[in-house]
Amino acid sequence: MSSERPTLSDATRAPMPLNEPSRLLALQSYEIMDSGQEARYDDITLLASQICRTPIALISLIDADRQWLKAKVGLDGSETARELAFCAHAIVKPDQVLTVEDARLDERFATNPFVTGDPHVRFYAGAPLVSADGHALGALCVIDREPRQLEPGQKEALLALSRQVMALLEERRTSAALRGAMQALTRSEVLFREAYENAPIGIALVSIEGEWLRVNQSLCEILGYTADEMTRTTFQAITHPEDLESDLLLARRTLAREIRSYQMEKRYLHRNGHAVWAHLSVSLVWDTQRPLYFIAQVQDITERKNIERGKAEFLTMVSHELRTPVTALRGALGILAAGAAGELPPKAQALTALADRNADRLHRLVNDILDVEKIESGAFAYRRTDIDLNQLVAQAAVELRPYADQYQVKIDVKSDLPRAFLHADADRLMQVLANLISNAVKHSPAGGAIDVHVSRSAQTIRVSVSDHGEGIPEQFRPYIFEKFAQANWTATNPKGGSGLGLHISRAIIQHHGGVLAFHTTSGQGSTFYFELPVL
C-alpha cells in the first residue's frame, strides 16, 4: 500500500468511536506502534491467510491519523492514512466482524484508491482487536482481490486468531509494566540503600527471633560493634537487663497485632561495656499473614540523658537541703493547728491551713525529685512478692476515696478476673495506682466518676484508669511522660502536680517488665493503663 494520503468525502470516512480519546490512550499504553518485526505476529497473519484462503492478511492498528501494520502477508508498505483504512471502519463496532463482500458495490469503499487502484481490494473481513476494557485498537483482517464470502468456520477462526493477537499485546504490556516496575524498584533500592547507609541514626533489620539481619554504619558507631559482629548476635544479648523485659513485651504485642509499632527509651550495652541510652522506634513488616522482620531505628540520646542527670543531681542536692526545713515547717504548722500555742483567730487558722497545704505539696515535690534521682542512679529499691493485683487496686481506691470526695468524684472499680496474681513490688505498684487515680480525679468534672478496670490478655494483666474530662491537649501528648511535663500542661490549673508522677510511674512499670501508656480524646477524657507480664 502507498503511504500517500489522498482524501475522501465525509460520507466515505469511518465515524470516530465514541471512546476515541481513551482508545488512543489505551493503544499508547501497549507501546506497540512502530515496533520491530516479531515472528509471533507474522505467524498469526500467515495462519489467517491460509485458513481464509486469501492472498493478503494484516494485523492493523489504528492511531489518531494513520493505520500502522504490525504484521502482513501479501502486501508491501507499513502504514496508510487512517481515512483510507478499511480497519478504521472495523473498530467502530468492536463486537462484530466487519465483512465487505465486494468493495465496488459498497458506497463506503467504492471510490477508495485501494479499490480503484493497487492492490485492487474487493473482499475484506476484519475482526477487531479488543482489549479487556473494551477498546478496539485495530483489526486482524484478510483481503482478497476477488469478491467472495467467508465460510462460518473461517469467520470463527478469524475471531479466535484476533483474540490471540490481543493476548500477545496484553503480554507485551504486562512485560513492559514489569520492566518499568523493576527499573523503578532498582532505582528505589539504590536510593534506599544510600539513605539507609548514610542515615544519621542507627537503622537495622531484625529477625522475629531478635537476630540483627542488617545494620547500617551509624548503628555500628553508636554501639561500637562492626557490622559482622552485630549480625552474629541478637538485640537481647546487647540490651541492658533492666530494659529487656519491656522491649520483649512490646515486641510480643506487635507480633500479636495488638499494636502496629512501638517506641521506648532503653539502654544498650556498648562493646566496651558501658550503657548507651537510645530512643528506639520499631515497626514490623508482614508478608500477608506472616511476620517477616522488624525495622528498628535507634537514636543515641546518651548526651541528653547526661544533661538530664546533671539537672537531676542539682535538684536532688536542693531537695536534700529542703527536706529538713520542710519537715520542721510541717511539724510546726501541725502544732499550731492542734492549739498548742492557744486557739488561733479565724484568719490565722485559714492562713495556717493554707501554709500547711503548700508545705505538704512542697514535701511531696521533694520526695518525687528524690525518687527520680534514685531511679536514674539505680538506687530505687524494689521488694517483689507474689501479690493479687485485684486486692491492690481495691486498696488504692479505698485509700484515695477521701481525696476524690474533695473533688466530688466517684471511683468505680471493676475486674474481669477472680484473681490477678503477679510477682511484683506492692508498694511501688501502689505508688503507680495512686498517681494514675489521683490524676484522673483532678481532671474529672465535679459529680463525675473515674473507672478503674482490671483485665487480662494472653500474656499480660492490664489496669486501666479512665476519666471523662477534657482530654490531653494534642501538643502535650508527645511529652506526657517527661519530667516536669505535667507542670507545664497544668501551669494555670490549681489541681496541677509536680509533673514527675507519670515519669516515676513509667520507670516503675518498665522495671517490672511492663508498659505504661495512654489514649485520649479531646472533650471526652483519657485512659492511662499499664500492662505487666503474668506469672
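Refer to the preceding data block for the structure.
Residues numbered from 1 in each chain as written. Predicted model: local features only at pLDDT ≥ 70, side-chain atom pairs only at ≥ 80, totals over all residues. Heavy atoms only, no water.

Peer 1: Please explain the environment of Asn 216 as it appears in this structure.
Peer 2: Relative to the helices and strands, Asn 216 resides in the loop between strand E8 (212–215) and helix H6 (217–223). When the C-alpha atoms of Asn 216 and Gly 202 are compared, they prove to be 6.3 Å apart, with 14 residues separating the residues in sequence. A distance of 3.1 Å separates the side chain of Asn 216 from the backbone nitrogen of Leu 219, its partner in a polar contact. (Helix = DSSP H or I, 4+ residues; strand = E, 2+ residues; numbered from the N terminus. Polar contact = N/O pair within 3.5 Å; in protein donor to acceptor, adjacent residues only side chain to side chain.)

Peer 1: Would you mind showing me how to read the pairing of strand E16 (residues 460–466) here?
Peer 2: Successive residues of a regular strand alternate their side chains across the two faces of the sheet. The buried fraction of E16 is high, at six of seven residues. With six bridges connecting them, strand E15 (residues 449–456) and E16 associate as antiparallel partners. Paired with Val 454 across the bridge in E16 is Val 463. Between E15 and E16, which pair antiparallel in sequence order, lie three residues. Sheet topology note: the E16/strand E18 (residues 525–533) ladder contains seven bridges and is antiparallel. Its bridge partner lying in E18, Arg 462 is registered against Glu 531. (Buried < 20%, exposed > 50% of the residue type's maximum accessible area, 1.4 Å probe, protein only. Pairing = 2+ DSSP bridges.)

Peer 1: What is the right way to read the pairing of E15 from this model?
Peer 2: Pairing of strand E13 (residues 410–415) with E15 involves six bridges; the strand directions are parallel. Paired with Lys 414 across the strands is His 453, a residue of E15.

Peer 1: Mind showing me how you'd approach the packing of helix H11 (residues 389–406) against helix H12 (residues 426–442) here?
Peer 2: Helix-helix packing is described using two parameters, namely the angle between the two axes and the distance between the axes. Orientation of H11 relative to H12, taken along the N-to-C sense of each, is 45°, at an axis distance of 9 Å. The angle between H11 and H12 falls in the class oblique. Note on packing geometry: the crossing formed by H11 with H12 is right-handed. On the side of H11, the interface is formed by Leu 389, Leu 392, Val 393, Gln 395, Ala 396, Ala 397, Glu 399, Leu 400, Tyr 403 and Ala 404, while H12 contributes Ala 426, Leu 429, Met 430, Leu 433, Ala 434, Ile 437, Ser 438, Val 441 and Lys 442. (Axes fitted to C-alpha atoms, helices over the stretch in contact; angles between N-to-C directions. Parallel < 35°, antiparallel > 145°, perpendicular 65-115°, else oblique. Left-handed = near helix turned anticlockwise from the far one by under 90°. Contact = heavy atoms within 4.5 Å.)

Peer 1: What exactly am I supposed to notice about the sheet that holds strand E9 (residues 261–269) here?
Peer 2: By way of backbone hydrogen bonds, the strands of a sheet pair with one another, either parallel or antiparallel. Ordered in space as E8-E7-E11-E10-E9, the five strands form an open sheet in which the pairing is antiparallel. The strands lining the two open edges of the sheet, one partner per strand, are E8 and E9. Sheet twist, expressed as the average angle between the axes of neighbouring strands with direction ignored, equals 30°. Running at roughly 150° to E9, helix H8 (residues 241–255) makes contact with E9, strand E10 (275–287) and strand E11 (290–300) of the sheet.

Peer 1: Quick question: what am I supposed to make of the packing of aromatic side chains here?
Peer 2: The description of two aromatic rings rests on the distance between their centres and on the angle between their planes. All chains considered together, the criterion is met by six aromatic pairs. Consider the rings of Tyr 403 and Tyr 407, whose centres lie 5.2 Å apart with planes at 65°: the pair is edge-to-face. The exposure class assigned to Tyr 407 is partly exposed, which follows from its relative accessible area of 22%. For the ring pair Phe 481 and Phe 518, a centre distance of 6.1 Å and an interplane angle of 65° mean the geometry is edge-to-face. Of this pair, Phe 481 sits in the loop between E16 and helix H13 (485–489) while Phe 518 is found in strand E17 (residues 515–521), placing the two residues 37 residues apart along the sequence. Chaining the aromatic ring pairs together yields one cluster made of Phe 86, Phe 109 and Tyr 124. For the cation-ring pair, Lys 305 lies above Trp 277, with the distance from its terminal atom to the ring centre recorded as 4.4 Å. Above the ring of Tyr 529, the side-chain terminus of Arg 462 is found at 3.8 Å from the ring centroid. (Phe/Tyr/Trp six-rings, centres within 6.5 Å; stacked < 30°, edge-to-face > 60°. Lys NZ or Arg CZ within 6 Å of the ring centre and 35° of its normal.)

Peer 1: Even after reading the chapter, I still don't get the state of the cysteines, so can you show me in this structure?
Peer 2: Cysteine pairs can be covalently joined through their sulfur atoms, and such a bond is termed a disulfide. The tally for this structure, following the rule as stated, stands at zero disulfides. This cysteine, Cys 87, is not joined by any disulfide, and Cys 141 carries the nearest cysteine sulfur, 3.8 Å off. Since its relative accessible area comes to 1%, Cys 87 is described here as buried. (Disulfide = S-S within 2.5 Å.)

Peer 1: When you look at the environment of Leu 84 in this model, what are you seeing that I'm missing?
Peer 2: Topologically, Leu 84 is positioned in the loop between strand E3 (79–81) and helix H3 (86–90). Along the primary structure Leu 84 and Gln 67 are separated by 17 residues, whereas in three dimensions their C-alpha atoms are 8.5 Å apart.

Peer 1: I would appreciate a short explanation of the side chain of Arg 122 in the present structure.
Peer 2: Inspection of the secondary structure puts Arg 122 in the loop between helix H4 (113–116) and strand E5 (123–130). Of note is the side chain of Arg 122, whose polar atom sits 3.0 Å from the backbone oxygen of Val 115. Here Arg 122 is in contact with Val 100, Glu 101, Asp 102, Ala 103, Arg 104, Val 115, Asp 144, Arg 145, Glu 146 and Pro 147, once residues within four sequence places are set aside.

Peer 1: Please explain the pattern of salt bridges as it appears in this structure.
Peer 2: Two side chains with opposite charge may pair up if their charged atoms get near one another. Counted by the stated rule, this structure contains 29 salt bridges. Here Asp 34 and Arg 66 are joined by a salt bridge, their closest N and O atoms 2.7 Å apart. One end of the pair, Asp 34, is in the loop between helix H1 (20–29) and helix H2 (39–52); the other, Arg 66, is in strand E2 (residues 66–73), with 32 residues separating them in the sequence. Looking at Arg 66, the relative accessible area reads 13%, which means it is buried. One continuous salt-bridge network, built from bridges that share partners, spans Glu 38, Arg 40, Lys 70, Glu 171 and Arg 172. (Salt bridge = Lys/Arg side-chain N within 4 Å of Asp/Glu carboxyl O.)

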